Amino acid sequence: MKKFVFLAFFGLSCLCAPFAQAGFVSVKENKSVTPVKNIAVSAQIPELLQGIWQGSDRLVLFSNEENDFAVVLRLFYGWYDDRSAEPASFSELKSRDRNDANSRKPDNIEVSYKTVFENTEKSAGVYELVIKYPGQKETYSVPVCVINGSIYTDFMIRDSALLTDFGQSERLQEDDTLVGFWRSASNADGIKISSPIYEKEVRSFYVVDSGVYHIRYWKSGMDYTYEKATFSDGNQLFSVDKYLRIGNDVYQCTTGRSTKIRNIEKSPELPQNIVFDSENKICAFGQPYMLKVPAKDGAKAFTEIVAEHNVRRRDPPKPLFPPSQINFHWKEIDELRMYLPETWTKRNLDIHK
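Predicted model, so just to flag it, every value in this text is computed and none were measured. (Residues numbered from 1 in each chain as written. Predicted model: local features only at pLDDT ≥ 70, side-chain atom pairs only at ≥ 80, totals over all residues. Heavy atoms only, no water.)

A. Broad picture of unusual backbone geometry. One non-glycine residue with positive phi stands out, namely Asn67, at about 55°. Overall, Asn67 belongs to the partly exposed group, its relative accessible area being 30%. (Buried < 20%, exposed > 50% of the residue type's maximum accessible area, 1.4 Å probe, protein only.)

Structure (structure tokens):
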């Protein structure tokens, strides 16, 4: 029996030897995959983010002095500033108010930064805030972009992630047209003092001369790669990123291992209210999330803005029923009422008391 097994194994080895010498390997070994580049995390604040930013309901500080991060919430319809999150050193500059509107101690939120993409002029960029909230082990990522002194939370980057991740931005189209793939790079609802809410689906665009293709991506549990997916329109074939890496999440546009995108929608033009950077490499949608406060920076200026804002007092509300300016002559009215028939009984009772 042992002799038979040995002969069978020897024969099989001889049969496989020519194929091995001819260079036949498994599909897994022959598959070339570009390694994914991990974006470096830095405690240094990017230059475009430095300063004080003002939104409709908050102030945010990215200080280049001590790399401090602070958030002020504007409560009571914007009439009161609550220093909700700040380093302990801020209390040395100016003590916090103690009232029913704020907490006893501010949150000390730790933030580090990832530079996802910047245009060649360094006039616009996409960044991820890696936020660690007190009392929580995990970190949260909030993607933001800066264009023309404004922060946006809904935006896209032009061209494939493979090009931008490996520093090949010069391969991006430099003409004035917008033709090409625009991949979504945002999924968080804002810069908060608590964990953000993330989108389950995001959209990307492929712009051509005849219109705009809308590509839907949904949250996925797959590993992130630079794999491509394709869709067609007549005789035209278009290639886009199959996966999007946004913060800590991965999104995909096809089911399973498939690389063919189905049910593509097309519109005649881009949506309204879009802002582009000077090189047409980043686009943002809607109104800015925050605007930069000019000529203001640092913890001292930040606390002074809060103090000046809280000094204001709102005018008392107008009365629901405005007071009348009519002058009633009550003495004359009382004298006339004595001669009314309905007052006779009362007068007679008063006389006989």
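Back to the text.
B. Representation of the pattern of salt bridges within the structure. Following the criterion strictly, the structure yields 13 salt bridges and no others. One salt bridge in this structure joins Arg245 and Asp165, with 3.5 Å as the shortest N-O distance. Of the two residues, Arg245 sits in strand β16 (residues 243-246) while Asp165 sits in helix α4 (residues 161-165), which places them 80 residues apart along the sequence. For Asp165, a relative accessible area of 8% gives the class buried. (Salt bridge = Lys/Arg side-chain N within 4 Å of Asp/Glu carboxyl O. Helix = DSSP H or I, 4+ residues; strand = E, 2+ residues; numbered from the N terminus.)

C. Expanded view of the pairing of strand β13 (residues 211-220). Pairing analysis gives eight bridges linking strand β12 (residues 201-208) to β13, with the strands arranged antiparallel. Bridging from a neighbouring strand, Arg203 pairs with Arg216 of β13. In sequence, β12 turns back onto β13 through a hairpin of two residues. Two elements, β13 and strand β17 (residues 249-252), share three bridges in a ladder whose sense is antiparallel. Looking across to β17, one finds that Lys219 is bridged to Tyr251. (Pairing = 2+ DSSP bridges.)

D. Structural detail: the confidence of the model for the chain. On average, residues of the chain carry a pLDDT of 85, and 85% of them reach 70 or more. Confidence, read as mean pLDDT per element, is least for helix α2 (residues 27-30) in the chain (35) and greatest for strand β9 (residues 150-152) (98). Residue range residues 1-32 is modelled with pLDDT below 50. Its contacts to residues more than four positions away, or to other chains, number two contacts. (pLDDT = per-residue confidence, 0-100. Contact = heavy atoms within 4.5 Å.)

E. Representation of the environment of Ala301 within the structure. For Ala301, the position within the fold is in helix α5 (residues 298-311). Ala301 gets classed as buried once you look at its relative accessible area, which sits at 13%. Counting along the chain gives 249 residues from Ala301 to Ile52, while the straight-line C-alpha distance between them is 8.8 Å. Filtering out sequence-adjacent residues up to four positions away, Ala301 remains in contact with Ile52 and Lys296.

F. Representation of a nonpolar patch on the surface in the model. Together, Ile326, Phe328, Trp330 and Ile333 make up a nonpolar patch on the protein surface, roughly 440 Å² of accessible area in all. Looking at the secondary structure, you find Ile333 in helix α6 (residues 330-337). Residue Ile333 is classed as partly exposed on the basis of its relative accessible area, which comes to 32%. (Patch = residues over 30% accessible without salt bridge, like charges linked within 9 Å, V, L, I, M, F, W, Y side chains within 5 Å. Areas by Shrake-Rupley, 256 points an atom, 1.4 Å probe, with all protein chains shown as cover.)

G. Structural detail: the environment of Gly78. Here Gly78 is to be found in the loop between β4 (69-75) and β5 (80-85). Each C-alpha atom of the pair Gly78 and Asp57 lies 6.4 Å from the other, and the pair is 21 residues apart in sequence. Those residues within four positions of Gly78 in sequence are excluded, and the remaining contacts are His309 and Arg312.

H. Highlighting the nonpolar core. Leu49, Phe62, Phe69, Leu129, Ile151 and Ile191 are the most contacted members of the largest nonpolar core, which totals 24 residues. Elements supplying a minimum of two residues to this core: β3 (58-62), β4, β6 (110-118), β7 (124-132) and β8 (140-147). Per-element accounting of this core gives the leading share, four residues, to β8. What Ile191 contacts, discounting residues up to four positions off in sequence, is Arg58, Phe62, Phe69, Leu129, Val142, Val144, Tyr289 and Met290. In terms of nonpolar packing, the next biggest core, distinct from the first, is built from 16 residues, Phe181, Val202, Tyr213 and Ile246 among them. (Core = buried A, V, L, I, M, F, W, Y, C linked by side-chain atoms within 4.5 Å.)

I. The state of the cysteines, seen in detail. Within this structure, the stated rule accounts for zero disulfides. Free of any disulfide, Cys145 has its nearest cysteine sulfur in Cys283, 8.4 Å distant. (Disulfide = S-S within 2.5 Å.)

J. Region of interest: α5. Look at α5: 21 Å from first C-alpha to last across 14 residues, which is about the 20 Å you get at 1.5 Å a residue. Those residues of α5 that sit buried are Gly298, Ala299, Ala301, Phe302, Thr303, Ile305, Val306, His309 and Asn310. Residues of α5 that are buried in the fold lie against β2 (51-54), β3, β4, β5 and α3 (90-93). (Expected span 1.5 Å × (residues − 1).)

K. A look at the sheet that holds β3. Read across the open sheet, the 10 strands follow the order β1-β6-β7-β8-β9-β21-β2-β3-β4-β5; overall the sheet is antiparallel. Two strands bound the open sheet, and with one partner strand each, they are β1 (41-42) and β5. As paired elements, β3 and β4 share five bridges and run antiparallel to each other. Within β4, the position partnered with Val60 by the bridge is Val71. Of the strands in this sheet, β2, β3, β4 and β5 are in contact with α5, which crosses β5 at around 145°. (Axes fitted to C-alpha atoms, helices over the stretch in contact; angles between N-to-C directions.)

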